[in-house]
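# Observations on chain architecture
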Amino acid sequence: MLPITPRADSSGILCQGGLDEHPVATILLLQFEGASYRTSRLALDLQDGIDTMSTASITPPVDIRRALACFRDQPPFVRLFVLARHLLAPLRRVAAAVPPHGRILDLGCGHGLFVNLLALSSPERDVLGVDPSAEKIRVASRSSRALQNVRYLRGRVDDVPGPEQDRGFDAITILDVLYLLPDEEKAAVLRRCRELLAPDGVLVLKTNDTRPRWKYGVVRLEEELMVRALGLTLGGQLHFRGIPEYTAMLRVAGFSSRVYKIDAGRPAPHRLYICRPLP
Ligand SMILES: C[S@@+](CC[C@H](N)C(=O)[O-])C[C@H]1O[C@@H](n2cnc3c(N)ncnc32)[C@H](O)[C@@H]1O
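Note that the structure is predicted; figures quoted are calculated from it, not measured.

It is worth spelling out the overall build of the chain at this point. Regarding its fold elements, the chain presents 10 helices and 11 strands. Within the chain, the proportion of its 279 residues that are buried is 40%. Within the chain, residue pairs in contact and separated by at least 24 positions form 64% of the contacts whose partners lie at least 6 positions apart.

Lining the immediate environment of the ligand, one finds 20 residues, of which G108, G110, S133, L175 and L234 sit closest. Class assignment for the residues of the shell around the ligand results in 10 nonpolar, five polar and five charged.

Glancing now at the confidence of the model for the chain. For the chain, mean pLDDT is 82; residues scoring 70 or higher make up 77% of the total. Low pLDDT, under 50, characterises residues 1-60; the predicted model gives this stretch 92 contacts beyond four residues in sequence or across chains.

This paragraph deals with the pairing of strand β8 (residues 169-175). In terms of burial, β8 is a largely internal element, seven of the seven residues being buried. Examined bridge by bridge, strand β5 (residues 102-107) and β8 share four bridges and lie parallel to one another. In the sheet register, I104 faces β8, and the bridge partner there is A171. As paired strands, β8 and strand β9 (residues 197-208) are joined by six bridges and run parallel to one another. The partner of T173 across the bridge, within β9, is V204. As for the winding sense of the linkage, the β-α-β connection from β8 through helix α8 (residues 183-196) to β9 is right-handed.

A separate point is helix α10 (residues 243-252). Three or more residues of α10 are buried, namely Y246, M249 and L250. The arc enclosing the buried residues of α10, seen along the axis, measures out at 100°, which places them on a common side. Projecting away from the buried face of α10 at angles above 90 degrees are the exposed residues P244, A248 and V252. On its buried face, α10 is in contact with α8, β9, β10 (255-261) and β11 (270-277). After α10 finishes, the residue G254 shows a positive phi value of roughly 100°.

Definitions and cut-offs
- Position labels on residues start from 1 in each chain and follow its written sequence.
- Local features in this predicted model are restricted to residues whose pLDDT is 70 or higher, and side-chain atom pairs enter the listing and the counts only when it is 80 or higher, whereas totals over whole chains, interfaces and linings include all residues.
- Numbered from the N terminus, helices here are DSSP runs of H or I no shorter than four residues, and strands are runs of E no shorter than two.
- Neighbour counting defines burial: a residue surrounded by 20 or more other C-beta atoms within 10 Å of its own C-beta is buried, one with 12 or fewer is exposed, and intermediate counts give partly exposed, using backbone-placed C-beta atoms.
- Any two residues are considered in contact once their C-beta atoms, placed from the backbone, lie within 7 Å.
- Here, nearness is defined through the C-beta atom: a residue counts as near a molecule or strand if that backbone-placed atom lies within 6 Å of it.
- When residues are sorted by character, Ala, Val, Leu, Ile, Met, Phe, Trp, Tyr, Cys and Pro go into the nonpolar class, Asp, Glu, Lys and Arg into the charged class, and all the rest, Gly among them, into the polar class.
- What pLDDT conveys is the predictor's confidence in a given residue, as a value from 0 to 100.
- Strands were regarded as paired on the criterion that DSSP finds at least two bridges between them.
- By definition, the crossover connecting two strands over a helix is right-handed if that path, from the first strand to the second, turns clockwise as seen with the strands pointing away from the viewer.
- Picture the helix axis, draw a direction to every C-beta atom, and the arc is the one those directions span.

If you want it as structure tokens, here you go:
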């Protein structure tokens, strides 16, 4: 095993370090789910409000297994899809940034794997999954039918009722959705999230970066296939953006943000933004 040590890069962004320079090793590691877990054991220690990497695992792997089991009676294609999603994206790392209780909105929830993970990890979370794809909402609703703390809505962020009657969502999560939207739409979504979020809420944004170039190449190829060639993901053009662009967009929409590199051991340049509403 290559050593993996937390470090800050030259821009001060926290990262897991090590494997970016070893693409072949990264791909080999990915062959082994166990290895992938080992590399992803560095978890965000947000419980104490400390924005640093910790070696403690917050969500045990059993949660992912339970979330995947929700799809047991779905067609093989769907089961393969959610399994691949788990293998390719550090979902447990992202889930660790979500508060353990309160109202959570997962925007662009897809088949609902992350919704199930959040809801199963803590029954004190009430999770609303929203997606414009009728087919995905159908699959997601079926997968979560045994969970009392999950609801779904087919639509986009503008279809989510506003916080007029209550204090808003405690957390909003957006995982790999914004790259499907042009910049003006990204900005509008982020502005609406700011309105939907409670004053002390958190926006948890997961994107893919445009660096390093080889990882960007991998994710670009994957998404050209999913969105443009196979049409498995709703969207048209691809609008990937890097850390400077997202940080600026978030600020304009009324958020402060901290960004983490969470891609060690994985071939895609996963980034996690933890965003708080500016006063
Ligand atoms: C790559 S999938 C990610 C699904 C899920 N968030 C995950 O991480 O597994 C992108 C999702 O965004 C949804 N989507 C596309 N345009 C959207 C929009 N304007 N608002 C919300 N979701 C959208 C698609 O239907 C698709 O389910």
